[in-house]
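# What the coordinates show
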Amino acid sequence: MSASPDTPSRRRFMKLAAGATFAPLLVGTRNAGSTPTGAADHDGAEAPAPAEWGDGTRVLDHQRLAEAHFGNDAPWYLDNIPFFEASDARLTQVYYYRWQVFRAHIRDLGAHGHVFTEFLDAVSWERKPYGTLNDSAIFPIHDGRWLRDRRYVDRFIDYLYEGGGNDRHFSESIADAVHAHYLVHGDERRAVRHLAAMKYVFNRWDDHYDFDKRLYWVEPLYDATEYTIASIDASGGTDGFSGGQAFRPSINTYMFANARAIARLCRLSGDERAAAWYTGRAQDLRERIVKDLWNPDFLHFTDRYQVSNTHVHYWDFIRGRELVGYLPWYANVPPDRGGYAQAWRHLLSPQQLRGAYGMRTVEPSYPHYMHQYRYDQATGRPECQWNGPAWPFQTAQALTGMANLLNDYSQDVVTPSHYAMFLRQFADLHMLDGHPDIQEDYNPDTGRVIVGLPRSHHYYHSSFVDLVINGLVGVRPGEGDTLVVRPLVPPDASDPHHLAWFMLENVPVRGHLLSVQWDADGRRYQRGAGLSVYLDGKRVAHAAGLARLQVSLSTRQEPTSPRRINRAVNVSGKGYPIPSASRHTDPAELYAAVDGRLWFFDNMVRGWGVDASLGDDWFALEFAGPVTLDAMEAAFFADGKLVEAPQRYEIQYRHHGQWFSVTRTDGASRPVLANGVETARWTAATARHWRLRLWHRSALRLVDWRLYSSNTEVALDG
């Protein structure tokens, strides 16, 4: 949901909507039938960016791209995301779809800011009541660091370190992700805000640290990877959901990355003593990972057992290669010399970790490869296992590691063509029945969804936006006042993964807007051939071909505006505000309309709904006491068939037992938006009971209702 009910993009968008200049699209839903491609050539430039962000270059038609990919929900994206197009239409399509997934997983907690969920449906192992999981927390941080309004990520980080969100349910690299967020925005004060909590969480992991081996161990289940080789073999091949504790490349890489990040943040805060300690811990971990987890027989980083039983023995290597063996490159752990890059040959081999449709989590030579052990009791469908299936979580990590390998190492195993190929393979994996819908896991040999449970649709357990911006386009901010741009695009035009052109426009970096343009022959954008980097609308670097460009930029304060607090939110389903309705009063549906989440996917319909009516219905909230309100946002779902937005509505409050309609101050006299955010402002009124009265002829579904008061606006840190 937008930071405030009214934004420059929303005002521009509503002018167009009122004039009915385009047909609303239900992008990302099966009923829409929309498969957007890249933007067509055009002559004119889009209207200037909001003044507070200065002059960002606008070659792409942001308005048209937003309408095509997001329909009536375009304003939030216009205000927030960098726009992108490429000669590969699938990459373009999935890039925008993944921003829809990002937005869908934002949960507005009212005065407590925002968090990100992993599943759209509730699952038993999430942290209640917010629906968060700490293992996936790094992905919205890495994707969301490229968002113009950084408060979504900032407040999520606050929750992770102040609100108990980083509960050590799973191993994680959250401190490292926080540092990556800092590299983009350059806010030192914000970056060091949670140093004490970061140190506390890091040190608590000593309960999984072997002081003799100087390595961390974890049960695969709590590494978010049940049914891997370590746990399956520890059970004698009969199970593998739990058990199989091991010294794993994953947790040790995470802890190395966190120690390194904490050291860097300590240095920012001026605490050189603590910085030295965490630097030493990181360096020691690096040495132990390279010395003890590198398997010379496999030429790969693999687990070593931390347990002994009748099936496995302490300190033995596991008996196969896994995709998790590429995690050390996720944090640049291996040295540049020593032949470690040879491990990536296993990912290039169709007989090993490269599946025809996705990266395998385990090689097919493993005797229990793809054996299904576990099924969902309610449906009988397969459950998650990581003994071979393609898994977006580790696919994204491996691609990040590959990008680091290409940028930071001297090697002759992997090329930009491989990165572009695997990224496109990952993009293709997002498609389900012709429409984008990222799922939990896939058969790497057929591309078919394995789990496919109702909870699986549009789940946020991987990055993708970051793989495009930081990886493919190659925007790589550093510690100082320099930024490198090095696209991972094969230079040979005959390469099937070559891109003839791409444009990434208005990426927020250190208070500036950065754009990267690649146009092989200059015909696409009519601004000359080659690779160009623009900063605040001015070209600051250029190369005739694909190259590594370095840009100097000073850090300046990013513009922010007050954040409005949603007074209507009730995440827990208990206490106030209490929702009620004229009919269809299932509590689950009532509370779903005020639980701080918003999306328009038609295979994950949510909120409160009623069937067709010739009269009117209402949805109401009772607060603990009188509240003063003067604005709202309401979202109505439409499927293009039976469900439509209401014909009209009124906002009402109860006074002395009677309902009164507010006096609107926004002069609204337009059709009610479907699959977008309807906004309204009025002369402030104070009451305990508020309702939305709705007149409709078709079935109706209220996805989300938020209420605001201008006297509860807070600054960035409020």
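Within every chain, residues take consecutive numbers counted from 1 along the sequence as written. At least 70 in pLDDT is required for a residue's local features to be given in this predicted model, at least 80 for side-chain atom pairs to be given and counted, and no such filter applies to totals for whole chains, interfaces and linings, which use all residues. Side-chain figures throughout are based on the complete set of non-hydrogen atoms in the structure, without hydrogens or water.

Within 6.5 Å between ring centres, the rings of Phe, Tyr and Trp (the latter by its six-membered ring) count as paired, and their orientation is classed by plane angle as stacked under 30 degrees, edge-to-face over 60, tilted in between. Within the structure shown, the criterion is met by 43 aromatic pairs. Consider the rings of Tyr95 and Trp99, whose centres lie 6.4 Å apart with planes at 85 degrees: the pair is edge-to-face. Taken together, the residues Tyr95 and Trp99, both in helix H4 (residues 89–104) and four residues apart, mark about one turn of the helix. Seen from their ring centres, Phe301 and Tyr340 are 6.1 Å apart, and the 15 degrees between their planes marks the pair as stacked. Placement of Phe301 in strand E8 (residues 300–301) and of Tyr340 in the loop between helix H13 (327–330) and helix H14 (345–348) is noted, with a sequence separation of 39 residues between them. Burial classes follow relative accessibility: with a 1.4 Å probe on protein chains only, a residue under 20% of its type's maximum area counts as buried, one over 50% as exposed, and anything between as partly exposed. For Tyr340, a relative accessible area of 15% puts it in the buried group. For a Lys NZ or an Arg CZ to count as sitting over a ring, it must be within 6 Å of the ring centre and within 35 degrees of the ring normal. Sitting over the ring of Tyr209, Arg281 keeps its end group 4.3 Å from the ring centre. The ring of Phe317 has Arg304 lying over it, and the distance from NZ or CZ to the ring centre is 4.0 Å. Here a strand is any run of E in DSSP of at least two residues, a helix any run of H or I of at least four, and the numbering for each starts at the N terminus.

Moving on, we get to the pairing of strand E15 (residues 512–519). Of all the eight residues making up E15, eight are buried; the element is thus mostly covered by neighbouring parts of the structure. Alternating residues of E15 divide into His512, Leu514, Val516 and Trp518 and Leu513, Ser515, Gln517 and Asp519, and every residue in both groups is buried. When DSSP finds at least two bridges between two strands, those strands are taken to pair. Strand direction decides the pairing type here: strand E14 (residues 501–509) and E15, joined by seven bridges, are antiparallel. Within E15, the position partnered with Pro508 by the bridge is Leu513.

What follows is about the nonpolar core. The criterion is simple. A nonpolar core is a set of buried Ala, Val, Leu, Ile, Met, Phe, Trp, Tyr and Cys residues joined through side-chain atoms within 4.5 Å. Formed by 167 residues in total, the largest nonpolar core has its most connected members in Phe84, Tyr161, Tyr419 and Phe502. Considering each element in turn, this core owes the most residues, eleven residues, to helix H11 (residues 249–269). Phe623, Ala645, Leu692 and Leu700 belong to the second-largest nonpolar core, a separate cluster that totals 34 residues.

As a further point, take the environment of Gln397. By secondary structure assignment, the location of Gln397 is in helix H15 (residues 392–408). Looking at Gln397, the relative accessible area reads 1%, which means it is buried. Taking C-alpha positions, Gln397 is 33 Å from Ser572, a pair spaced 175 residues apart along the chain.

A separate point is the environment of Ser365. Residue position: Ser365 is located in the loop between H14 and H15. Judged by relative accessible area, Ser365 falls into the exposed class, the value being 60%. As a C-alpha pair, Ser365 and Arg321 span 44 residues in sequence and 9.1 Å in three-dimensional space.

With antiparallel pairing, the three strands of this open sheet are ordered in space as E12-E13-E18. The open sheet terminates on both sides in strands that have one partner only, identified here as strand E12 (475–477) and strand E18 (549–552). Going from strand to strand, the sheet's axes swing by 25 degrees on average, the running direction of each strand aside. Sheet analysis places E12 next to strand E13 (residues 482–485), joined by three bridges and oriented antiparallel. The axes are straight lines fitted to the C-alpha atoms, using for helices just the contacting stretch, and the angles between their N-to-C directions are given from 0 to 180°.

The rule for a salt bridge is simple: a side-chain nitrogen of Lys or Arg has to be within 4 Å of a carboxyl oxygen of Asp or Glu. This structure, assessed with the given rule, holds 48 salt bridges. For Asp595, the salt bridge identified is with Arg606, shortest N-O distance 2.8 Å. Here Arg606 lies in the loop between helix H18 (587–592) and strand E20 (608–610) and Asp595 lies in the loop between H18 and E20, a separation of eleven residues in the sequence. Comparing Asp595 with Arg606, the two get one shared label, buried. In this structure, the salt-bridge partner of Asp666 is Arg664, at a minimum N-O distance of 3.0 Å. Judged by relative accessible area, which is 30%, Asp666 ranks as partly exposed. Judged by its relative accessible area of 28%, Arg664 falls in the partly exposed class.

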